[in-house]
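# Working through the structure, step by step
Here are the chains, one letter per residue:
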Amino acid sequence: MTSASSAPRRTVTVAVAQAAAPLFDTPTAVARAEELIREAAIHRNAEVVVLPEAFLGGYPKGLDFDMTVGSRTPAGRDLFRRYHAAAIEVPGPEVEALAAVTRELGCHAVVGAVERQGGTLYCVALFFGPDGYLGLHRKLMPTAAERYLWGQGDGSTLPVIDTGATRIGAAICWENYMPLFRTAMYAKGVDLWCAPTVDDRDAWQATMRHIALEGRCFVLSANQYLRSDALPSDLRPVQGDDPDTVLIGGGSVIVSPLGDVLAGPLRDGEGILTAELDLDDLARARFDLDTTGHYARPDVFTLHVDESPHPTVTSG
């Protein structure tokens, strides 16, 4: 009989990619995403790769689209037209291109994107694996001014992907600050909590460590590193025209289920962080805390989650 102490370690190697997302240049963004996934999987042996928020479609940091309360302009509308055109459709050729990469490499990937459905854009996390495209999560609540660019997701896109070895879920940027969202995902048994983001503040690091501790899960946060000179030359972000201005300052990080930083935070440039995760650390961490299991009080607190789709128009 094999003792517990001599049993082989169950591990998975993960990577988070920190890079700039090309704005209004979707073919380049797709090519860059393919490059990052290949680099992580082939040269760093990553089995799970996470890319930042809005990597396909771009995050328009510092652009105001000429939007003020009660007023829009023709120039702002045309800028939105460009942003709308750069978004991707799901399913679509961009999704299939990345699905082909993960099928070829036999890895999983979580990729931030801007999805176009009719006249509405959604900030999404796309899930890929050895079988190709696996599904998406739509950001439930766009943050602040994002609300005039992106629509709201509903409970029908809250997947947790079972890879056989582990369970992968995603929360996009400030969704990570939503306690009820976190509780719903913990109840699904998330092991690898993927957090595509553009939040580069120091406080973000505390949030990632808190979620790891609270959810007793590994946290993989991928952020962009974006400078002003990466934007199209005709754009003028509110931060100024200096090409050296850093618009999104990175901070990608990988955290253990007990809140220890395993890699990062990465600052001052692009790069890929990797870590080999001991999956038995999940059980070790949940020994004294399982927020929706033995540490829950369902006699006092309950949460109802509506996971049904909510279309505007139904027929039949």
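Structure: above.
Presented here is an overview of the structure given in this document. (Residues numbered from 1 in each chain as written. Predicted model: local features only at pLDDT ≥ 70, side-chain atom pairs only at ≥ 80, totals over all residues. Heavy atoms only, no water.)

### Some thoughts on the sheet that holds strand 13 (residues 261–266)
Applicable threshold: Strand pairing is assigned whenever DSSP identifies at least 2 bridges connecting the two strands. Strands are runs of DSSP state E lasting at least two residues, helices are runs of H or I lasting at least four, and both sets are numbered from the N terminus onward. The contact criterion used throughout is that any non-hydrogen atoms of two residues lie within 4.5 Å. In this description, a line fitted to the C-alpha atoms serves as the axis of each element, helices being fitted only across the stretch in contact, and the angle between N-to-C directions of two axes falls anywhere from 0 to 180 degrees.
Judged by pairing direction, the sheet is mixed, and its 6 strands sit side by side in the order 6-7-8-9-12-13 without closing on themselves. Two strands bound the open sheet, and with one partner strand each, they are strand 6 (161–162) and strand 13. With 6 bridges joining them, strand 8 (residues 192–197) and strand 9 (residues 218–223) adopt parallel strand pairing. Looking at strand 9, one finds that proline 196 is bridged to alanine 222. Contacting strand 7 (167–170) and strand 8, helix 4 (residues 179–187) runs over the sheet at an angle of about 145° to strand 8.

### Let's talk about the pattern of salt bridges
Between side chains of opposite charge, a pair can form when the charged atoms approach closely. Where we set the bar: By salt bridge we mean one thing: a side-chain nitrogen of Lys or Arg within 4 Å of a carboxyl oxygen of Asp or Glu. To sort residues, take the accessible area from a 1.4 Å probe on protein chains only and compare it with the maximum for the residue type: under 20% means buried, over 50% means exposed, and anything in between is partly exposed.
Counted under the stated rule, the structure contains 25 salt bridges. The partner of aspartate 280 in a salt bridge is arginine 10, and the shortest N-O contact between them spans 3.2 Å. Of the two residues, aspartate 280 sits in helix 6 (residues 280–286) while arginine 10 sits in the segment before strand 1 (11–18), which places them 270 residues apart along the sequence. We classify aspartate 280 as partly exposed; its relative accessible area is 25%. A residue is classified by how much of its surface remains accessible, and arginine 10, at 42% relative accessible area, is partly exposed.

### What to know about helix 2 (residues 74–86)
Short version of the rule: To estimate how far a helix should reach, multiply one less than its number of residues by 1.5 Å. In this description, one arc is meant: the one made by directions from the helix axis to the C-beta atoms.
Relative to the 18 Å expected for 13 residues at 1.5 Å per residue, helix 2 spans 19 Å between its end C-alpha atoms, a close match to the ideal helical length. Within the sequence span of helix 2, burial applies to Gly76, Leu79, Tyr83 and Ala86. All buried residues of helix 2 lie within an arc of 75° about the axis, which places them on one face of the element. Of the exposed residues in helix 2, those oriented more than 90 degrees away from the buried face are Pro74, Arg77 and Ala85. Considering only its buried residues, helix 2 is in contact with helix 1 (26–43), strand 3 (108–117) and strand 4 (120–129).

### Focus: the packing of aromatic side chains
The line we're drawing: Each pair of aromatic rings taken from Phe, Tyr and Trp, with Trp reduced to its six-membered ring, is defined by centres within 6.5 Å and is described as stacked if the planes are under 30 degrees apart, edge-to-face if over 60, and tilted in the remaining cases. Either the NZ atom of lysine or the CZ atom of arginine qualifies as a charge over a ring when it sits within 6 Å of the ring centre and within 35 degrees of the ring normal.
The final tally for this structure, using the stated rule, is 9 aromatic pairs. A centroid spacing of 6.4 Å and a plane angle of 90° characterise the contact between phenylalanine 181 and tryptophan 193, whose relative ring orientation is edge-to-face. Residue phenylalanine 181 is located in helix 4, and its partner tryptophan 193 is located in strand 8; the two are separated by 12 residues in the primary sequence. Pair check on accessibility: phenylalanine 181 and tryptophan 193 agree, each one buried. Positioned over the ring face of tyrosine 122 is arginine 138, at 3.8 Å from the centre of the ring.

### Focus: the pairing of strand 1
We count it as follows: With the strands aimed away from the viewer, a crossover counts as right-handed if its path from the first strand over the helix to the second runs clockwise.
Of all 8 residues making up strand 1, 7 are buried, and the element is well covered by its neighbours. Where strand 1 and strand 14 (residues 271–278) come together, 8 bridges link them in antiparallel fashion. Looking across to strand 14, one finds that valine 12 is bridged to leucine 277. Alignment of strand 1 against strand 2 (residues 48–50), held across 3 bridges, turns out to be parallel. Pairing of alanine 15 across the sheet is with valine 49, part of strand 2. In this view, the connection linking strand 1 to its parallel neighbour strand 2 by way of helix 1 has right-handed handedness.

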